[in-house]
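# Per-entry structural report
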Amino acid sequence: MTRAISISWNEISRADWDGALAKSHAAYQQDWAYGDVLAKKGAQIHRAAAIKDGKTVLALAQIAVRRIGLVANLCLCTNGPVWLTDCSDAEKAGVVKAIKANLPLNWPRLLVFTPAEDVSGEGYLKRFKRVMTGEATVQLDLTQNESEIRAQMDGKWRNRLVVAEKSDLVYVKGGVRPSQYRWL
């Protein structure tokens, strides 16, 4: 049985958030700095810490909110929540339910989660409906050598890579000054 899960909204410090995420494999969309960039572009940011029994932080979730006209709030938790401990499916479902129930925004609102984990219909996600297709993101383990990476590629993708390598495709390195990439 799942114990009491409470949600702490916007109370965690940046140092604690960054420290917790550094120990996990969190996507950049859950990084504090990413939320700051969205806030500068007009989004409202809410950061949730899911706490079990008043002491154990199970998960963190950064939620970006955009107002749709004067009518509703569209809330998006991209690649989250970030699980900080091994949680059962019941605990994960409880965290998602608690975040949805306690989001500090007035109705009407739509909260969408795009979790950074397998959504094959098993586990805690089987209770939820897919409202949009997943993003097309590829993650590569760059600690492997090139032959290991190629061996793990889908055959069609690997063949297209070979064709591209044999073409007259030219890679041009852009600028090397950090100031050029501030907009990112």
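Residues numbered from 1 in each chain as written. Predicted model: local features only at pLDDT ≥ 70, side-chain atom pairs only at ≥ 80, totals over all residues. Heavy atoms only, no water.

### Let's talk about the nonpolar core
Let me state the cut-off plainly: Here, the term nonpolar core denotes a set of buried Ala, Val, Leu, Ile, Met, Phe, Trp, Tyr and Cys residues that are joined through side-chain atoms within 4.5 Å. Residue exposure (1.4 Å probe, protein chains only): buried if accessible area is under 20% of the type maximum, exposed if over 50%, otherwise partly exposed. For helices the rule is a DSSP run of H or I covering at least 4 residues; for strands it is a run of E covering at least 2, with both sets numbered from the N terminus onward. Here, two residues are considered to be in contact whenever any of their heavy atoms come within 4.5 Å of each other.
Counting 22 residues, the largest nonpolar core has I7, I63, V95 and I99 as its most contacted members. When contributions to this core are tallied by element, the ones reaching two or more residues are strand 1 (5-9), strand 2 (44-52), strand 3 (56-68), strand 4 (72-78), helix 3 (89-102) and strand 6 (109-114). When residues of this core are assigned to their parent elements, the largest contribution, five residues, is made by strand 3. Setting aside anything within four residues of it in sequence, one finds I99 in contact with I7, W9, A48, A61, I63, P81, L111 and F113.

### Some remarks on unusual backbone geometry
Comment: phi is negative for the bulk of residues other than glycine, and the bulk of peptide bonds are trans. Phi angles above zero are rare outside glycine, and N10 is one such case at about 55 degrees. With respect to the element layout, N10 can be found in the loop between strand 1 and helix 1 (14-22). According to the relative accessible area criterion, N10 is partly exposed, its value standing at 41%.

### Quick word on the pairing of strand 3
The condition is simple: Between any two strands, at least two bridges found by DSSP are needed for them to pair.
Of the pairings in the sheet, the one linking strand 2 to strand 3 comprises nine bridges and is antiparallel in character. Paired with H46 across the two strands is I63, which belongs to strand 3. Here strand 2 hands over to strand 3 after three residues, with D53 in that stretch at a positive phi of 55 degrees. Looking at chain direction, strand 3 and strand 5 (residues 82-83) are connected through two bridges and run antiparallel. Residue pairing for strand 5: L60 is matched across the bridge by V82. Examined bridge by bridge, strand 3 and strand 4 share five bridges and lie antiparallel to one another. The residue bridging A64 from the neighbouring strand is L76, located in strand 4. Between strand 3 and the antiparallel strand that follows it, strand 4, lie three residues; G69 among them carries a positive phi value of about 60 degrees.

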